[in-house]
Amino acid sequence: MRVEELRRAALAIFNAAVRAVDPGEAIHRHLEMEGSRLRLGDETVDLATVGEVVVVGCGKAAAPMAVAVEEILGDRIARGTVVTKYGHVQPTRLVRVHEAGHPIPDDAGIAGAHAVLDHVRGLGANDLVLALISGGGSALTPAPVAGVTLAEKQALTETLLACGADIREMNTLRKHISRFKGGQLARAAQPALVITLTLSDIVGDPPDAIASGPTVPDPTTYGDALSILDRYGMREKIPGSIRAHLEAGARGEIRETPKPGDPLFARVSNLIVGSNIQALEAARAKAHG
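Residues numbered from 1 in each chain as written. Predicted model: local features only at pLDDT ≥ 70, side-chain atom pairs only at ≥ 80, totals over all residues. Heavy atoms only, no water.

### Here we look at empty space enclosed by the protein
Piece 1. Applying the stated rule across the entire model yields 1 cavity of 30 Å³ or more.
Piece 2. By volume, the largest cavity amounts to about 40 Å³.
Piece 3. Around the largest cavity, the lining residues are Ile-133, Thr-196, Thr-198, Pro-207, Ile-210, Gly-213, Pro-214, Thr-215, Val-216 and Asn-270.
Piece 4. Counted by class, the lining of the largest cavity contains 5 nonpolar, 5 polar and no charged residues. (1 Å grid on protein atoms, 1.4 Å probe; cavity = no way out; pocket = protein on both sides within 12 Å on 5 of 7 lines; lining within 4 Å. Points joined across faces, edges and corners; volume = space filled by probe spheres on them. Nonpolar A, V, L, I, M, F, W, Y, C, P; charged D, E, K, R; others polar.)

Structural data, given as structure tokens:
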């Protein structure tokens, strides 16, 4: 095979992998309207029986995911907001795209997180929330617990980045000083039906770690968060308000994030629509084809 043919073959394999995790294409592969029925992977929802359809989300791919959902659902969407990184906006008609800071959270991220939470609060059992989640969503939606300021949360993020904490360790801490992460978006949306479409950027696709799992049961605890701080010798180096909150949580004085088995997740589904594995499988299929 000539060099030019090899180059074309390699490019075709690469493009197949990229298409497999393209946010818009990933949504279109997993979301389809059939009359009044909305198919989401193996799940089907009859929109004729649904009240409001609300679209929310966060992540660096949230805007193209929202564009694709609008293309599929059109005017069936009542309202929505997704939060994405500065410079990642795409034109939408019904879902607002809100820009915020990444990887260091900012005031715009707080506003975006509050807008998302406001959209899902007060919904009824007949309403449907479509949550679009992708990498970067955790930093983009800071919603600090009472007593913790944005500056203090920024200081924690900077300290974690500097010490070499991995993404799971960072997210364990983020979940426990947030009103959004670690299943708490799903908690806020009760009793609505929640279906989450996730574009994974983490090896193994652990749903609770992607964007800190806002609609996923959180297996980590306040005690885990403190153990991470101790592992890196950071407990006395982080803002006192955060340390006090985590220690109070470990003593059982503050409600934990929702855990596996919590009844609230009976009406919550989480579907991975794109991942590194899917990209590799698409590349392999193209190479063998």
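On we go.
### Observations regarding helix 7 (residues 167-175)
Because each turn of an α-helix spans 3.6 residues, side chains separated by three or four positions end up pointing in the same direction.
Piece 1. In terms of burial, helix 7 is a largely internal element, 7 of the 9 residues being buried.
Piece 2. For helix 7, the complete set of buried residues consists of Glu-169, Met-170, Asn-171, Thr-172, Leu-173, Arg-174 and Lys-175.
Piece 3. Taken together, the buried residues of helix 7 touch helix 5 (137-140), helix 6 (150-163), helix 8 (184-189), helix 9 (222-231) and helix 10 (240-250). (Buried < 20%, exposed > 50% of the residue type's maximum accessible area, 1.4 Å probe, protein only. Helix = DSSP H or I, 4+ residues; strand = E, 2+ residues; numbered from the N terminus. Contact = heavy atoms within 4.5 Å.)

### Re the sheet that holds strand 8 (residues 193-199)
Piece 1. Pairing is parallel across the open sheet formed by 6 strands, whose spatial order is 6-5-4-7-8-9. Single-partner strands in this sheet number two, and they are strand 6 (96-100) and strand 9 (268-274). Strand-to-strand twist of the sheet, defined as the mean angle between neighbouring strand axes without regard to direction, takes the value 20 degrees.
Piece 2. Here strand 8 runs beside strand 9; their pairing, made up of 6 bridges, is parallel. What sits directly across from Leu-199, in strand 9, is Gly-274.
Piece 3. In the packing of helix 4 (residues 107-120) onto the sheet, the strands contacted are strand 4 (53-58), strand 5 (79-85), strand 6 and strand 7 (128-134), and the crossing angle to strand 5 comes to about 155 degrees. (Pairing = 2+ DSSP bridges. Axes fitted to C-alpha atoms, helices over the stretch in contact; angles between N-to-C directions.)

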